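# A closer look at the structure
As a plain string of letters, each chain reads:
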Amino acid sequence: MKAFKKLLEFTVPDRLWRALAHEFLPEIHRRPAQPMRSTAAVVSQILGPQFTNVIDVGARWGADNAWWSLAPLSRYIGFDADAEECARLNKGADPKTQLFVPKALGSSHREATLYLTSSPGNSSLLRPIQELTERYPDLAGTLDIVKEIPLTLMPLDDWALEKKISKLAFLKLDTQGTELDILLGAKDLLGRCLGVEVEVEFSPIYHGQPLFSDVDSFLRGLGFTLWRLTDRCHYAEDKVGGALRDELTYYGGHTTRSFQGSGRLFFGNAIYLRDPFALREADDLLTSASLLSALGDLAGARACVEKVRDSHSSGLSRPDLDLLRVHLDDLYKASRAFESVSHPRM
């Protein structure tokens, strides 16, 4: 499933900037178009670099292009049960801004087994449902167990307490079915976390796997709101391709159209955020603005900045906030250009 997601990665600010250059600034074509700075980069000028952290659980292949990485505002911490993969990633990482930790996480300290599969990205602490490989061609040859590796699990909260991790902007989880168990071991961190992206299943691929409704109920109980459901994957009995109908999605003033094809919905990424109107601290609001901007929700990002501007006790200078406001205005212009080039209004 991780290989499927790698195909979907792209840098939104870079695409927005190139659309703006193409539509409104033809003279820019005389030199290479440069991507606009991210909101996280602007906020890091105000709060400081590596002001907070993002944690990536299931960090195989790293996350250089992840929308939630928030560099340089955040330090990146990746967890993966594969010690060799973490060692490889640490060799190419800047230790000041990135760290890969070879630990397996769960709700408690206990022994477990990692079922290494023929497609490494499908390896899990849960046994795969082998019968699915006979029914769905996309899964054929991907769920065969090639090795069983004993592991010791620990709660993420215990590791964070030991390493004195006090701030957390975002937590991403993609661990092939054990996401809820890991969340149960991270309640303290989640209490000061601003956003979560978690792979959720609607049809099980592993035995005993919690489904979307279980994860959704848990995160809503902690005060998170479902913001997006992305990267949805459908498996069909035949790879017939094609699309017989389309669907509409509405985003605050803009409707997009996408095509539907064959298959049952198996999994996707659920993105949860804190409601900005429930936040009080200026640093939380500015970090949330960075997340919302990276996600493409510029209206939400602007609402966060305006709430800080309206506060008389934020301790932040008006010139800094004006700089951030101008930056978001520039992103608005770029987004309109991107919309007109790539997604004409209906």
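Now for a look at the structure at hand. Quick caveat: nothing in here was measured; it's all calculated off a predicted structure.

Here we come to the overall build of the protein chain. Looking only at helices and strands, one finds twelve helices and twelve strands in the protein chain. Put simply, the protein chain has 346 residues, and 48% of those count as buried. On the protein chain, roughly 17,100 Å² of surface is accessible, and the fraction owed to carbon and sulfur atoms is 52%.

So, about the sheet that holds strand β5 (residues 110–117). Strand order across the open sheet formed by three strands is β4-β6-β5, with mixed pairing between neighbours. A strand with exactly one partner marks an edge of an open sheet, and here the two such strands are β4 (104–105) and β5. Direction of pairing for β5 relative to strand β6 (residues 145–154): antiparallel, over a ladder of eight bridges. Counterpart to Thr 117 in the pairing with β6 is Ile 145.

Attention shifts here to the packing of aromatic side chains. Within a pair of aromatic rings, the relevant descriptors are the distance that separates the centres and the angle that separates the planes. Here the structure, examined in full by the defined rule, presents ten aromatic pairs. Taking the centre distance of 6.5 Å and the plane angle of 40° together, the rings of Tyr 136 and Tyr 235 count as tilted. Of the two residues, Tyr 136 is situated in the loop between α5 (131–135) and β6 and Tyr 235 in strand β9 (residues 225–235); the sequence distance between them amounts to 99 residues. Site record: aromatic cluster; members linked through ring pairs are Trp 67, Trp 68, Tyr 76, Phe 100 and Phe 170. Note that Arg 274 overlies the ring of Phe 224, its terminal NZ or CZ placed 3.8 Å from the centroid.

For Ile 129, the position within the fold is in the loop between β5 and α5. Along the sequence, Ile 129 and Ile 205 sit 76 residues apart, while their C-alpha atoms lie 5.7 Å from each other. Excluding its chain neighbours within four sequence positions, the residues that come into contact with Ile 129 are Leu 143, Pro 204, Ile 205, Tyr 206 and His 207.

The periodicity of an α-helix, 3.6 residues per turn, causes residues three or four places apart in sequence to face the same way. Those residues of helix α4 (residues 83–91) lying buried are Glu 85, Cys 86 and Leu 89. With its buried residues spanning 100° around the axis, α4 presents them on a single face. Opposite the packed face of α4, turned more than 90 degrees from it, sit the exposed residues Glu 84 and Lys 91. In this structure, the buried side of α4 is in contact with β3 (98–101). Sitting at the head of α4, Asp 82 places a side-chain oxygen 3.1 Å from the backbone nitrogen of Glu 84.

Another aspect to go through is the sheet that holds β9. Sheet strands associate in pairs through backbone hydrogen bonding, adopting either a parallel or an antiparallel arrangement. Pairing within the open sheet is mixed, and its seven strands lie in the order β3-β2-β1-β7-β8-β12-β9. The sheet is open, and its two borders are formed by β3 and β9, each paired with just one other strand. Averaged over all neighbouring strand pairs, the angle between strand axes comes to 15°, with direction disregarded. Where strand β2 (residues 74–79) meets β3, four bridges bridge the pair, whose relative direction is parallel. Residue pairing across strands places Tyr 76 opposite Gln 98, the latter belonging to β3.

The subject of this paragraph is the nonpolar core. One broad rule of soluble globular proteins: the nonpolar side chains tend to lie buried together. Ranked by internal contacts, the top residues of the largest apolar core, which has 42 residues, are Trp 68, Tyr 76, Phe 100, Leu 273, Leu 286, Leu 291 and Leu 324. Breaking this core down by element, the ones donating at least two residues are α3 (39–47), α4, β7 (168–173), β12 (264–273), α10 (282–295), α11 (298–310) and α12 (318–342). When sequence neighbours within four positions are dropped, the list of residues in contact with Leu 286 reads Val 43, Ile 46, Leu 47, Val 305, Val 308, Leu 316, Leu 321 and Leu 324. By size, the runner-up hydrophobic cluster in this structure holds 31 residues, among which are Leu 156, Ala 160, Val 196 and Val 200.

What follows is about the environment of Glu 247. Inspection of the secondary structure assignment puts Glu 247 in strand β10 (residues 245–251). Spatially, the C-alpha atoms of Glu 247 and Ser 258 are 5.5 Å apart, while their sequence positions differ by eleven residues. Here Glu 247 is in contact with Arg 232, Thr 256, Arg 257, Ser 258 and Gln 260, once residues within four sequence places are set aside. A polar atom in the side chain of Glu 247 sits 3.3 Å from the side chain of Arg 232.

To continue, consider the pattern of salt bridges. Close approach of charged atoms allows side chains of opposite charge to pair. By the definition in use, this model includes 16 salt bridges. A salt bridge links Glu 306 to Arg 309; its shortest N-O distance comes to 3.8 Å. A residue pair is termed a helical-turn pair when its members lie 3 or 4 positions apart in one helix, as Glu 306 and Arg 309 do in helix α11 at three residues. Residue Arg 309 is classed as buried on the basis of its relative accessible area, which comes to 13%. Residues Glu 306 and Arg 325 are paired through a salt bridge, measuring 3.1 Å at the closest nitrogen-oxygen approach. Taken together, the residues span a long stretch of sequence, with Glu 306 in helix α11 and Arg 325 in helix α12 at a distance of 19 residues. With a relative accessible area of 22%, Glu 306 lands in the partly exposed category. Connected via shared salt-bridge partners are Glu 306, Arg 309, Asp 322 and Arg 325.

As judged from the two bridges shared by β4 and β6, these two strands associate in the parallel manner. Paired with Ala 104 across the two strands is Leu 153, which belongs to β6.

Reading the values: the criteria
- Residues numbered from 1 in each chain as written.
- Predicted model: local features only at pLDDT ≥ 70, side-chain atom pairs only at ≥ 80, totals over all residues.
- Heavy atoms only, no water.
- Helix = DSSP H or I, 4+ residues; strand = E, 2+ residues; numbered from the N terminus.
- Buried < 20%, exposed > 50% of the residue type's maximum accessible area, 1.4 Å probe, protein only.
- Areas by Shrake-Rupley, 256 points an atom, 1.4 Å probe, with all protein chains shown as cover.
- Pairing = 2+ DSSP bridges.
- Phe/Tyr/Trp six-rings, centres within 6.5 Å; stacked < 30°, edge-to-face > 60°.
- Lys NZ or Arg CZ within 6 Å of the ring centre and 35° of its normal.
- Contact = heavy atoms within 4.5 Å.
- Arc of directions from axis to C-beta.
- Polar contact = N/O pair within 3.5 Å; in protein donor to acceptor, adjacent residues only side chain to side chain.
- Axes fitted to C-alpha atoms, helices over the stretch in contact; angles between N-to-C directions.
- Core = buried A, V, L, I, M, F, W, Y, C linked by side-chain atoms within 4.5 Å.
- Salt bridge = Lys/Arg side-chain N within 4 Å of Asp/Glu carboxyl O.

That's the geometry; what it means functionally is another story.
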